[in-house]
Amino acid sequence: MVDLKSQYEKIKATVDASIQEVLDTTTYINGPKVHEFQKNLEQYLDVKHVIPCANGTDALQIAMMGLDLKPGDEVITADFTFAATVEVIALLQLTPVLVDVDLVNMNISIDAIKKAITPKTKAIVPVHLFGRAANMEAIMRIANEHNLYVIEDNAQAIGANCKFSDGTKKKAGTIGHVASTSFFPSKNLGCYGDGGAIFTNDDELAHKIRGIVNHGMYVRYHHDVVGVNSRLDSIQAAVLDAKLPLLDQYSQARQDAARKYSKAFEGHANIVAPTICDICDCHVFHQYTLRITNGKRDQLMEHLQNKGIPCAIYYPIPLHSQKAYVDSRYKEEDFPVTNQLVKEVISLPMHTELDNEQIEFITNSVLEFFE
Ligand SMILES: *Cc1c(COP(=O)(O)O)cnc(C)c1O
């Protein structure tokens, strides 16, 4: 699905030199590289605070720990996403409220959010799924009306833009009260191990979170709140700092590949390909995900696998049907879109190193299945 080796070979000199600097200075934890990367990412995103941490799941949990949430508070999130999103809500003894998504952009449905709000609702967690920014303008409007926190799960969409009706753009992850991201190797900005970060424009919240990631310490050996131990190590920061200047180029490479894929599938009776907006960069294609509408998705997957083409189902089971998250409040008829998507979606290889020959082989192989 991804080609991390070809990507590394092209940037080996820069990445190796950056890692070597850490080895030479032996500042493995909280070294200057971590600080440097943090500053550079703040500048790239145009956000006041980036707080690095150990992984994207921690980032989400710590972001929520920083907010004024109490056990039993309801947190609305998408039914169609990776389990980490709902997992941390449950771990913090908050009440997850899963809602349906939109068929076209596969992100949390604005109508479903509105319907799910109760007096106990305290937060909304939109996930910018597959690299496409959720409708943050509508989500912030609802949040402001009902006095709710917005925590953006930006693990899949670093670098994507959110466009507002007044023509302005902001980077995904800089609009809500706080956001999380993941630097897992296959993410759009990936390190060579685990990594994550929290973003916020709120000075007070940033201060609180900087303590939470470090055992709740604000003054050495004074523990003011219950915290965790979650750090980005310096070697991972060195990799990320070497790759960050290439992120826009990487996003473009993904968009170029997506454009070629979608052109090949244009107008097909059984394939719904993602739309690509040419001006706003609202989709950075963490995944390139098709919907197969003739009920033969699984057969197509087998056909592609037989030809040696990697493909995957993100995600095969709705979260509301997962054993860990079943809740008697959920009714199947509340999730028509997720229930449809889990049967129709298939993701094709998507990374920064796809060449025309590979794309053509993949699109031809998909198309011949339907002949
Ligand atoms: C990858 C991912 C996470 C978790 O990130 P890790 O670094 O693997 O912990 C959370 N949410 C979403 C939507 C993700 O894709």
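Residues numbered from 1 in each chain as written. Predicted model: local features only at pLDDT ≥ 70, side-chain atom pairs only at ≥ 80, totals over all residues. Heavy atoms only, no water.

Visitor: Help me understand the state of the cysteines in this model?
Guide: By definition, a disulfide links two cysteine residues through a covalent bond between their sulfur atoms. Taken as a whole, this structure holds 0 disulfides when the rule is applied. Considering cysteine sulfurs only, Cys53 is the nearest to Cys191, which forms no disulfide, with 11 Å between them. (Disulfide = S-S within 2.5 Å.)

Visitor: Explanation requested: helix α6 (residues 136–146) in the structure shown.
Guide: Along an α-helix, residues three or four positions apart point the same way, because every turn accommodates 3.6 residues. For α6, the complete set of buried residues consists of Met136, Ala138, Ile139, Met140, Ile142 and Ala143. Buried residues along α6 sit in contact with α5 (110–116), β4 (121–125), β5 (149–153) and β6 (161–163). Of the residues trailing α6, Asn147 is marked for its positive phi of about 60°. (Buried < 20%, exposed > 50% of the residue type's maximum accessible area, 1.4 Å probe, protein only. Helix = DSSP H or I, 4+ residues; strand = E, 2+ residues; numbered from the N terminus. Contact = heavy atoms within 4.5 Å.)

Visitor: Hey, could you run me through helix α3 (residues 56–65) in this one?
Guide: With respect to burial, α3 is a largely interior element, 7 of its 10 residues being buried. All of the buried residues in α3 are Gly56, Ala59, Leu60, Gln61, Ile62, Ala63 and Met64. Of the residues flanking the start of α3, the one acting as N-cap is Asn55, its side-chain oxygen 3.0 Å from the backbone nitrogen of Thr57. (Polar contact = N/O pair within 3.5 Å; in protein donor to acceptor, adjacent residues only side chain to side chain.)

Visitor: Got a minute to help me understand the pattern of salt bridges in this structure?
Guide: Any two side chains of opposite charge can pair, so long as their charged atoms come close to each other. Counting across every chain of the model gives 14 salt bridges. Put simply, Glu368 and Lys307 hold a salt bridge, and the shortest N to O gap is 2.6 Å. Here Lys307 lies in the loop between α10 (297–306) and α11 (336–344) and Glu368 lies in helix α12 (residues 356–369), a separation of 61 residues in the sequence. Residue Asp327 pairs with Arg329 through a salt bridge whose shortest N-O separation is 3.1 Å. Residue classification places Asp327 among the partly exposed residues on the basis of a relative accessible area of 26%. Judged by relative accessible area, Arg329 falls into the partly exposed class, the value being 37%. (Salt bridge = Lys/Arg side-chain N within 4 Å of Asp/Glu carboxyl O.)

Visitor: Explain the site of the ligand to me, please; I cannot follow it from the model alone.
Guide: Looking at the ligand, there are 13 residues lining it, with Gly56, Thr57, Gln156, Ser182 and Lys187 nearest. Within the side chain of Thr57, a nitrogen or oxygen atom sits 2.5 Å from an oxygen atom of the ligand. Protein coverage of the free-state accessible area of the ligand, which is 380 Å², stands at 91%. Of all the secondary-structure elements, those providing two or more residues to the shell around the ligand are α3 and α4 (84–91). (Near = heavy atom within 4 Å. Areas by Shrake-Rupley, 256 points an atom, 1.4 Å probe, with all protein chains shown as cover.)

Visitor: Looking at this structure, how should I read the packing of α3 against α4?
Guide: A packed helix pair is summarised by two numbers, namely the angle formed by the two axes and the spacing between the axes. Their axes nearest at 9 Å, the elements α3 and α4 cross at an angle of 40°. The orientation of α3 with respect to α4, classified from their angle, is oblique. Helix-helix and strand crossings are classified by hand; for α3 and α4 the assignment is right-handed. Where α3 abuts α4, its residues Thr57, Leu60, Gln61 and Met64 lie against Ala84, Thr85, Glu87, Val88, Ile89 and Leu91. (Axes fitted to C-alpha atoms, helices over the stretch in contact; angles between N-to-C directions. Parallel < 35°, antiparallel > 145°, perpendicular 65-115°, else oblique. Left-handed = near helix turned anticlockwise from the far one by under 90°.)

Visitor: Quick question: what am I supposed to make of the environment of Gly72 here?
Guide: Within the secondary structure layout, Gly72 lies in the loop between α3 and β2 (74–78). We classify Gly72 as partly exposed; its relative accessible area is 28%. As a C-alpha pair, Gly72 and Lys39 span 33 residues in sequence and 36 Å in three-dimensional space. Setting aside its immediate chain neighbours within four residues, Gly72 contacts Gln93, Leu94, Thr95 and Lys120.

Visitor: Before we go on, may I ask you to explain the nonpolar core in this structure?
Guide: Generally speaking, soluble globular proteins have nonpolar side chains that are buried together. Ranked by internal contacts, the top residues of the largest apolar core, which has 63 residues, are Phe80, Ile113, Ile139, Tyr261, Tyr288, Ile346 and Leu348. In terms of residues, this core owes the most to one element, α6, which gives 6 residues. Three or more residues apiece are contributed to this core by two domains, here domain 1 (4–99 + 106–245) and domain 2 (247–369). When residues no more than four places from it in sequence are discounted, the contact partners of Leu348 are Met1, Tyr261, Phe265, Tyr288, Leu290, Leu304, Ile362 and Val366. (Core = buried A, V, L, I, M, F, W, Y, C linked by side-chain atoms within 4.5 Å. Domains from an automatic or database assignment.)

Visitor: Any chance you could explain the packing of aromatic side chains here in plain terms?
Guide: The description of an aromatic ring pair rests on the distance of the ring centres and on the angle between the ring planes. Overall, the coordinates contain 11 aromatic pairs when judged by the stated rule. When the centroid spacing of 5.8 Å and the interplanar angle of 85° are considered together, the rings of Tyr8 and Tyr192 count as edge-to-face. With a gap of 184 residues between them, Tyr8 in helix α1 (residues 4–25) and Tyr192 in the loop between β8 (178–182) and β9 (196–200) connect regions that are remote in the sequence. Three or more aromatic residues joined by ring pairs make a cluster, and in this case those are Phe80, Phe82, Phe130, Tyr314 and Tyr315. Over the ring of Phe164 we find Lys170, and its NZ or CZ is 5.7 Å from the ring centre. (Phe/Tyr/Trp six-rings, centres within 6.5 Å; stacked < 30°, edge-to-face > 60°. Lys NZ or Arg CZ within 6 Å of the ring centre and 35° of its normal.)

Visitor: What should I look at first to understand a nonpolar patch on the surface in this one?
Guide: Together, Leu23, Tyr28 and Ile29 give the surface a local cluster of nonpolar side chains, amounting to about 270 Å² of exposed area. Examined against the element boundaries, Ile29 turns out to sit in the loop between α1 and α2 (32–45). On the accessibility criterion, Ile29 (45% relative accessible area) is partly exposed. (Patch = residues over 30% accessible without salt bridge, like charges linked within 9 Å, V, L, I, M, F, W, Y side chains within 5 Å.)

Visitor: Any chance you could explain the domain arrangement of the protein here in plain terms?
Guide: For an interface, size is often stated in terms of accessible area lost upon the parts coming together. Annotation of the protein at the domain level lists domain 1 (4–99 + 106–245) and domain 2 (247–369). Put simply, the middle of domain 1 and the middle of domain 2, counted by C-alpha atoms, are 24 Å apart. Between domain 1 and domain 2, the residue contacts involve 41 residues of the former and 32 residues of the latter. Buried surface at the junction of domain 1 and domain 2, summed over both partners, amounts to about 3200 Å²; 57% is from carbon and sulfur atoms. Together, Phe80, Phe130 and Asn188 form the three largest contributors to the area buried by domain 1 at its contact with domain 2, with a combined 23%. Where domain 1 packs against domain 2, one counts 2 salt bridges. Glu74 is the partner of Arg329 in a salt bridge, and the nearest nitrogen-oxygen pair spans 3.6 Å. Linking domain 1 with domain 2 are 19 residue pairs in polar contact (both at pLDDT 80 or more), by the criterion used here. Of all the elements, strand β3 (residues 95–99) adds the most residues to the side of domain 1 that touches domain 2, at 5 residues. A per-class count over the side of domain 1 that touches domain 2 returns 22 nonpolar, 10 polar and 9 charged. (Buried area = accessible area lost by both parts, 1.4 Å probe. Nonpolar A, V, L, I, M, F, W, Y, C, P; charged D, E, K, R; others polar.)

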